[in-house]
Amino acid sequence: MPLDRISENLLATVHASPRAVGAHDKAAWVALFAEGAEVNDPVGSRPHIGAEAISRFYNTFIGPNGIVFRVDRDLVAGHSVVRDLHIETTMSTGATVVVPMHLRYDLVETPDGWRIARLAAHWELAPMIARLLGTGTSGVLAGAKLGPQLVGELGLGGAVGMMRALRGVGGHGKRLVRRLFTAVAAGDTARVHTLLDARTEIRFPAGTPVTVAEFAERARELQWSKMIAAGRTVSASVRVGDAHGVAFVDFAPGSSRIAAVTVFLDG
């Protein structure tokens, strides 16, 4: 399906991010964000809000490393872009880790063009730490360097805030989402109604509100693969018929109740 002009402009802004990262052009990368923008990376950690905080985030996690985006697909809905990808990061010590990820960019139009208002990076911190340490001495050294960098750039509160990403819905949330997807794929509407209720906000596809019954009907034969639990959200790479996409399942605070389901699709 041909892209409209707004979608092209949104993608142009999003695609400028990995170019700036690859070129280690901090000024260009920070300039992609709107005033008061928010970076949630990973989702579940303390967000970085505003240009100064985003600049410090760059100094800590981007500047010292080599980062390559391995993108499977881009999805556009409204003023949001979702990227289904893996990111390959090579630390200053030579350790390399590949992290499965879903990125969501919410953008706003400004006098200077489209800018990122919120970046939500869905990836799992604990498995990434395990992969890093599993690379051997170079990984251990990278971990040892990162601690002082975190405190130096973000302060003790920022370092502790990063570790908040170790909490969240985790494996329990993934199991609930698998039950939901299994019921939807099987056309088991009764089971779907036990996992979702009238309060659940469902958008299928993104931007189109639907009822639980409509979701259960339209998403029959749903397939899913990569699944990530970050903070209180589980995201998954999905396929419905000929359309591919990413689903985000949000859980209510302090609860196992599914509060929202949003599915971005490419067709």
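Heads up: the structure comes first, above all this text.
Small disclaimer: the values here were computed from a predicted structure and weren't measured.

**Section: the overall build of the chain**
When helices and strands are tallied, the chain shows eight helices and twelve strands. Rg of the C-alpha trace for the chain: 19 Å, near the compact-globule value of 18 Å for 267 residues, within the 12% margin. If you line up the chain on its principal axes, its C-alpha atoms span 50 × 40 × 30 Å. Here the chain holds 267 residues, and 47% of them are scored as buried. When contacts within the chain are restricted to residue pairs at least 6 apart in sequence, those whose partners lie at least 24 apart make up 55%. The distance from the centre of the 28 positive side-chain charges to the centre of the 25 negative ones in the chain is 7 Å.

**A short note on the packing of aromatic side chains**
Under the defined criterion, the tally for this structure stands at seven aromatic pairs. Measuring from centroid to centroid gives 5.1 Å for Phe57 and Phe61, while their planes differ by 45 degrees, and the two rings are tilted. With Phe57 and Phe61 both in helix α3 (residues 51–62) and four residues apart, the pair spans about one turn of that helix. Phe61 carries the same exposure label as Phe57, and that label is buried. A connected cluster of aromatic rings, assembled from ring pairs, spans Trp29, Phe33, Phe57, Tyr58 and Phe61.

**As for the pairing of strand β10 (residues 233–240)**
Of all eight residues that make up β10, seven are buried, and the element is covered over most of its length. The antiparallel pairing of strand β9 (residues 223–230) with β10 creates a hairpin that spans two residues between the two strands, and Gly231 there sits at a positive phi of about 60 degrees. Bridging between β10 and strand β11 (residues 243–251) involves eight bridges; their strand directions are antiparallel. Across the sheet, Ser235 pairs through a bridge with Phe248, a residue of β11. Counted between consecutive antiparallel strands, the loop separating β10 from β11 contains two residues, among which Gly241 sits at a positive phi close to 65 degrees.

**What about the sheet that holds strand β5 (residues 96–110)?**
Taken together, the six strands give an open sheet; going across it, the order is β2-β1-β6-β5-β4-β3, and neighbouring strands pair in mixed fashion. Looking along the sheet, the strands with just one partner apiece sit at the ends: β2 (48–49) and β3 (66–77). Relative to strand β4 (residues 80–90), β3 runs antiparallel, the two sharing eleven bridges. The residue of β4 that forms the bridge with Val71 is Leu85.

**Description of the sheet that holds β10**
Pairing in this open sheet of six strands is mixed, and the strands run β8-β7-β12-β11-β10-β9 from one edge to the other. Each of the sheet's edge strands pairs with one partner strand only, and the pair in question is β8 (209–210) and β9. Summarising the sheet, β9 and β10 pair through six bridges and their orientation is antiparallel. Across the sheet, residue Ala229 finds its bridge partner in β10, namely Val234. Packing against the sheet, helix α6 (residues 170–185) makes contact with β9, β10, β11 and β12 (258–265), and its axis sits at approximately 155 degrees to β9.

Rules of the game
- Residues numbered from 1 in each chain as written.
- Predicted model: local features only at pLDDT ≥ 70, side-chain atom pairs only at ≥ 80, totals over all residues.
- Heavy atoms only, no water.
- Helix = DSSP H or I, 4+ residues; strand = E, 2+ residues; numbered from the N terminus.
- Rg over C-alpha atoms; globule rule 2.2 N^0.38 Å.
- Buried < 20%, exposed > 50% of the residue type's maximum accessible area, 1.4 Å probe, protein only.
- Contact = heavy atoms within 4.5 Å.
- Lys, Arg positive; Asp, Glu negative; His and termini not counted.
- Charge placed at Lys NZ, Arg CZ, Asp CG, Glu CD.
- Phe/Tyr/Trp six-rings, centres within 6.5 Å; stacked < 30°, edge-to-face > 60°.
- Pairing = 2+ DSSP bridges.
- Axes fitted to C-alpha atoms, helices over the stretch in contact; angles between N-to-C directions.

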